[in-house]
Amino acid sequence: MNTALDHNRITIDVHLTDTHSETLDEEIRSGLLASPRSLPTKYFYDDYGSELFERICELPEYYQTRTEHALLATYADDIIHITGADELVELGSGASTKTRVLLDAMAHVNQLQFYVPFDVSEGIVRRVAQELAAEYSCLRIHGVIGDFLAHMEHIPNGGKRLVAFLGGTLGNLKPDTAEAFLASVYNEMNSGDYFLLGIQLITDIERLEAAYNDVSGLSAQFNKNILPVVHNLTGANFDPNAFEHVAIYNQPDHRIEMWLRSLCNQTITFPRLAWHLPLKAGESILTEISTKYNRQLAENVLTTAGFTLREWHTDSQELLGLALAYKP
Ligand SMILES: C[S@@+](CC[C@H](N)C(=O)[O-])C[C@H]1O[C@@H](n2cnc3c(N)ncnc32)[C@H](O)[C@@H]1O
């Protein structure tokens, strides 16, 4: 771990140490050898990928962010009143844009003390920490740069905590991973702490597919950005121009799937492993899933992890759900 005090109210811990190694190459190789072939979603989010995601959030087709923002704006005071939280921990915090709504609600009742942004994307955590320290004069920020599937125990122990997981990020995890992830969140929480889950709901296919196939092509750029990131980590010769973006709704599994489809016969070489992956034209690699839920499915995953659901909010079109749950 590398801890550096950037500012007297900011602490940043970095837990991503294994960033250029054969272990990492092996992890990526096992995904590429699986059926279907896949790459880990977390590799979308280098600094450029995080910037692309921020821009996607503002697209007209990407209804998710503005709907979740509006829901938070409506219910933030109520959430802070119920939870009594003086500390906000946010997993997969990204640009922490919607987070300001919760921080403001905490500040209004003089409860705002501590914010813990936790994200795999180093640049964005450092940027957000500086921004928020400037915006909120007494707020202490303890950023954690790490993988929330591996480093959950590094969440600092604190006060009366509200742990937020927004942006539909739970939907990016496969069902067994989502279950294990929620169990690890639960384990890290104290009895009486609250968990706020923003979850994307099952809706019509046209709306869902349009959100991942925007006319400006940002989603395609975001999808292809995983290739230079994997190239930088492993040296593998992925060429983004040799792939096309595909995003489709898989109805039985109620999830959007993003794929990169090879446009030609090609061979990808991983130099450290001296391993070659032949890809035929038309062969695809799964890069992201975004599972959509309904209230029952959301309640099931929360209660399986041990949580008790306290409140469920949704918008008038039932596109987004906000579940507030606690650890008894
Ligand atoms: C869908 S975005 C949501 C961002 C933000 N919470 C929002 O609501 O707009 C997912 C976020 O989770 C982060 N992330 C993805 N996988 C991660 C992992 N395994 N560990 C930590 N952060 C991760 C990404 O860097 C990104 O900021």
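These numbers were taken from a predicted model, which means no experiment stands behind them. The numbers attached to residues start from 1 for each chain and follow its sequence in the written order. Local features are withheld for residues below a pLDDT of 70 in this predicted model, meaning they are given only at 70 or higher, and side-chain atom pairs are given and counted only at 80 or more; totals for whole chains, interfaces and linings count all residues. With hydrogens and water excluded, all non-hydrogen atoms of the structure serve as input to the side-chain values.

(A) Representation of the overall build of the protein within the structure. For the protein, the helix and strand inventory stands at 10 helices and 14 strands. In terms of overall size, the protein behaves like a compact globule, its C-alpha atoms giving a radius of gyration of 20 Å where 328 residues would be expected to give roughly 20 Å. Projected onto its principal axes, the C-alpha coordinates of the protein cover approximately 60 × 45 × 35 Å. Accessible surface for the protein amounts to roughly 13,800 Å². Of this, 50% is attributable to carbon and sulfur atoms. The charge count includes Lys and Arg as positive and Asp and Glu as negative, but it does not include His or the ends of the chains. Throughout, a charge is located at the NZ atom of Lys, the CZ atom of Arg, the CG atom of Asp or the CD atom of Glu. If you average the places of the 24 positive and of the 44 negative side-chain charges in the protein, the two averages end up 1 Å apart. Comment: elements are numbered from the N terminus, with helices defined as DSSP H or I runs of at least four residues and strands as E runs of at least two. All radius of gyration figures rest on C-alpha atoms, and the globule criterion is 2.2 Å times the number of residues raised to 0.38. The Shrake-Rupley method, run with a 1.4 Å probe, gives the accessible areas here. Residue values count only the displayed protein chains as cover.

(B) Representation of the site of the ligand. Around the ligand there are 16 residues in total, and Gly92, Lys98, Asp119, Asp147 and Phe148 lie nearest to it. Residue Val120 places a main-chain N or O atom 3.2 Å away from a nitrogen atom belonging to the ligand. Definition of a polar contact: a pair of N or O atoms within 3.5 Å, with one able to donate and the other able to accept a hydrogen when the atoms are protein atoms, and with sequence-neighbouring residues admitted only if both atoms are side-chain atoms. Here Phe148 contributes a backbone N or O atom positioned 2.8 Å from a nitrogen atom of the ligand. Protein contact buries 93% of the 590 Å² of open area that the ligand shows by itself. Tallied by class, residues from the shell around the ligand come to five nonpolar, six polar and five charged. One heavy atom suffices: a residue is near a molecule or strand as soon as one of its heavy atoms comes within 4 Å of it. Under this grouping Gly is polar, as are all residues other than the nonpolar Ala, Val, Leu, Ile, Met, Phe, Trp, Tyr, Cys and Pro and the charged Asp, Glu, Lys and Arg.

(C) Quick look at the environment of Arg127. Take Arg127: it is sitting in helix 5 (residues 122-135). C-alpha separation for the pair Arg127 and His151, spaced 24 residues apart in sequence, amounts to 21 Å. Contact partners of Arg127, with chain neighbours within four places excluded, come to Glu54 and Ala95. Between two residues, a contact is recorded if the distance between any of their heavy atoms is within 4.5 Å.

(D) Inspection of empty space enclosed by the protein at higher detail. Here a cavity denotes a set of grid points, spaced 1 Å apart and computed over the protein atoms alone, in which a 1.4 Å probe fits but from which it cannot get out, and a pocket denotes an open set meeting protein on both sides within 12 Å along at least five of seven lines; residues with an atom within 4 Å of a point are reported as lining. Grid points are joined across faces, edges and corners, and a volume is the space filled by probe spheres set on the points. Overall, the coordinates contain one cavity of 30 Å³ or more when judged by the stated rule. Lining of the largest cavity is provided by Phe53, Cys57, Tyr62, Gln64, Thr65, Glu68, Lys98, Gly167, Gly168, Gln200 and Leu320. With three residues, helix 3 (residues 63-83) is the largest single contributor of residues to the lining of the largest cavity.

(E) The arrangement of the confidence of the model for the protein in detail. Averaged over all residues, the pLDDT of the protein equals 95, while 97% of them reach at least 70. Confidence scores labelled pLDDT are given residue by residue by the predictor and lie between 0 and 100. Confidence drops under a pLDDT of 50 for residues 2-6, and excluding neighbours within four residues, the segment shows 14 contacts in the predicted structure.

(F) Summary view of the sheet that holds strand 8 (residues 243-250). Paired strands are those between which DSSP finds at least two bridges. Ordered by their spatial adjacency, three strands build an open sheet running 8-9-12, and the pairing between neighbours is antiparallel. Where the open sheet ends on each side, the last strands, each with one partner, are strand 8 and strand 12 (284-291). Ignoring strand direction, the axes of neighbouring strands in this sheet form an average angle of 20°. Here eight bridges tie strand 8 to strand 9 (residues 255-262), and the two strands are oriented antiparallel to one another. Bridging across to strand 9, Tyr249 finds its partner in Ile256. Every angle, taken between N-to-C directions, lies between 0 and 180 degrees, and every axis is a line fitted to C-alpha atoms, over only the stretch in contact when it is a helix.

(G) Structural context of the pattern of salt bridges. Salt bridge, as used here: a side-chain nitrogen of Lys or Arg that lies within 4 Å of a carboxyl oxygen of Asp or Glu. In the structure shown here, the tally under the stated rule is 17 salt bridges. For Asp147, the salt bridge identified is with Lys42, shortest N-O distance 2.8 Å. Residue Asp147 is located in the loop between strand 5 (140-145) and strand 6 (161-165), and its partner Lys42 is located in the loop between helix 1 (22-33) and helix 2 (47-56); the two are separated by 105 residues in the primary sequence. Exposure remark for Lys42: the relative accessible area of 26% places this residue in the partly exposed category. A salt bridge links Arg207 to Asp204; the shortest N-O distance between them is 3.5 Å. Buried residues are those whose accessible area, probed at 1.4 Å on protein chains only, stays under 20% of the maximum for their type, while exposed residues exceed 50% and partly exposed ones sit between those limits. Residue classification places Arg207 among the partly exposed residues on the basis of a relative accessible area of 28%. A cluster of three or more residues bridged by salt bridges with shared partners is formed by Glu54, Arg100, Arg127, Glu131 and Glu135.

(H) Summary view of the pairing of strand 2 (residues 10-14). The buried fraction of strand 2 is high, at four of five residues. When strand 2 meets strand 5, the two strands line up parallel, connected through five bridges. What sits directly across from Ile10, in strand 5, is Ile141.

(I) Main features of the packing of aromatic side chains. Here the aromatic set is Phe, Tyr and Trp, taking the six-membered ring for Trp, and pairing holds for ring centres within 6.5 Å; pairs whose planes are under 30 degrees apart are stacked, those over 60 apart are edge-to-face, and all others are tilted. Counting across every chain of the model gives 16 aromatic pairs. With 6.3 Å between their ring centres and 85° between their planes, Phe44 and Tyr45 make a pair best called edge-to-face. Taking the relative accessible area as the measure of exposure, Tyr45 reaches 22% and is therefore partly exposed. For the ring pair Tyr186 and Phe307, a centre distance of 5.1 Å and an interplane angle of 85° mean the geometry is edge-to-face.

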